[in-house]
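One letter stands for each residue in the lines below.
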Amino acid sequence: MKIITAQEHQTAESPAVLTLANDVDPRTLDLSGVTRIDLQFPAFTDGRAYSQAFLLRRRLRFAGELRATGDVLIDQLVQMQRTGFDVAVLKEGVDASAAQRQLDRYAGFYQGSAVDTQPHFAKAA
């Protein structure tokens, strides 16, 4: 997962980039030609963007970039990565090096994820 600061994030006015509010059902969208989708976390307690990311990756097979924006905190990064996000835009004032350390802390998982669906025990067999 790539981590960027709020200053590095640029909203794009392009038909290839969508910005979705967290109450939009991704299944209602035409994703042809879309290369990036920015999903919103308006508050750290609102996790609807996780569900959107999972739907986009698993059910809709969206292969473009999923970007987490808004109130993105360090302790959410691992779950964001496991539900399909490629990029996280950190909330203003959050240290990017601390965020990377959080991701580096977990080298593997027993369960499958939205991106890597095969569980660990099935890979080892």
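Further up the page is the structure itself.
This structure is a prediction, so every number in the text was calculated from the model and none was measured.

S.K.: Kindly report on the overall build of the chain, identifying the contributing residues and their values.
M.R.: The helix and strand tally for the chain stands at four helices and five strands. A globule of 125 residues ought to have a C-alpha radius of gyration of about 14 Å, and the chain, at 15 Å, matches this closely. With the C-alpha coordinates of the chain rotated into their principal frame, the extents come out at 45 × 35 × 25 Å. Across the 125 residues of the chain, 39% fall into the buried class. Counting contacts in the chain only where the partners sit at least 6 residues apart, residues at least 24 apart contribute 60% of the total. Carbon and sulfur atoms make up 50% of the accessible area of the chain, which totals about 7200 Å². Across the chain, the mean location of the 14 positive side-chain charges is 7 Å away from that of the 15 negative side-chain charges.

S.K.: How would you explain the sheet that holds strand 5 (residues 87–89) if you had to name every residue and give the values?
M.R.: Pairing in this open sheet of five strands is parallel, and the strands run 1-5-4-3-2 from one edge to the other. The open sheet has two free edges, formed respectively by strand 1 (2–4) and strand 2 (17–20), since each of these has just one partner strand. Put simply, the sheet's adjacent strands are angled 20 degrees from each other on average, direction ignored. Pairing between strand 1 and strand 5: three bridges, direction parallel. The residue bridging Ile4 from the neighbouring strand is Val89, located in strand 5.

S.K.: Explain the environment of Leu18 to me, and be specific about the residues and the numbers.
M.R.: Note on placement: Leu18 falls in strand 2. A residue is classified by how much of its surface remains accessible, and Leu18, at 24% relative accessible area, is partly exposed. Beyond its immediate chain neighbours, meaning those up to four positions away, Leu18 contacts Leu29, Leu31, Val34, Arg36, Ile37 and Asp38.

S.K.: Requested: an account of the pairing of strand 4 (residues 65–70), with residues and values cited.
M.R.: As paired elements, strand 3 (residues 36–41) and strand 4 share six bridges and run parallel to each other. Residue Phe41 lies in a different strand from strand 4, and its bridge partner there is Gly70. With respect to chirality, the unit in which strand 3 leads through helix 1 (residues 48–59) into the neighbouring parallel strand 4 is right-handed. Here strand 4 runs beside strand 5; their pairing, made up of two bridges, is parallel. Directly across from Ala68, in strand 5, lies its bridge partner Ala88. A crossover links strand 4 with its parallel partner strand 5, the connecting element being helix 2 (residues 77–83), and its sense is right-handed.

S.K.: Mind laying out helix 1, listing which residues take part and the relevant values?
M.R.: Spanning twelve residues, helix 1 covers 16 Å between terminal C-alpha atoms, matching the ideal 16 Å at 1.5 Å per step. The complete set of buried residues in helix 1 reads Ala49, Tyr50, Gln52, Ala53, Leu55, Leu56 and Arg57. In this structure, the buried side of helix 1 is in contact with strand 2, strand 3, strand 4 and helix 2.

S.K.: Outline the nonpolar core, listing residues and values.
M.R.: Ranked by internal contacts, the top residues of the largest apolar core, which has 23 residues, are Ile37, Leu39, Leu77 and Phe85. Breaking this core down by element, the ones donating at least two residues are strand 3, helix 1, strand 4, helix 2 and helix 3 (96–104). Residue contributions to this core peak at four residues, all from helix 1. With residues near it in sequence (within four places) discarded, Leu39 still touches Leu20, Ala49, Gln52, Ala53, Leu56, Leu66, Arg67, Ala68, Thr69 and Phe85.

How each quantity is defined
- Residues numbered from 1 in each chain as written.
- Predicted model: local features only at pLDDT ≥ 70, side-chain atom pairs only at ≥ 80, totals over all residues.
- Heavy atoms only, no water.
- Helix = DSSP H or I, 4+ residues; strand = E, 2+ residues; numbered from the N terminus.
- Rg over C-alpha atoms; globule rule 2.2 N^0.38 Å.
- Buried < 20%, exposed > 50% of the residue type's maximum accessible area, 1.4 Å probe, protein only.
- Contact = heavy atoms within 4.5 Å.
- Areas by Shrake-Rupley, 256 points an atom, 1.4 Å probe, with all protein chains shown as cover.
- Lys, Arg positive; Asp, Glu negative; His and termini not counted.
- Charge placed at Lys NZ, Arg CZ, Asp CG, Glu CD.
- Pairing = 2+ DSSP bridges.
- Axes fitted to C-alpha atoms, helices over the stretch in contact; angles between N-to-C directions.
- Right-handed = clockwise from strand over helix to strand, strands pointing away.
- Expected span 1.5 Å × (residues − 1).
- Core = buried A, V, L, I, M, F, W, Y, C linked by side-chain atoms within 4.5 Å.

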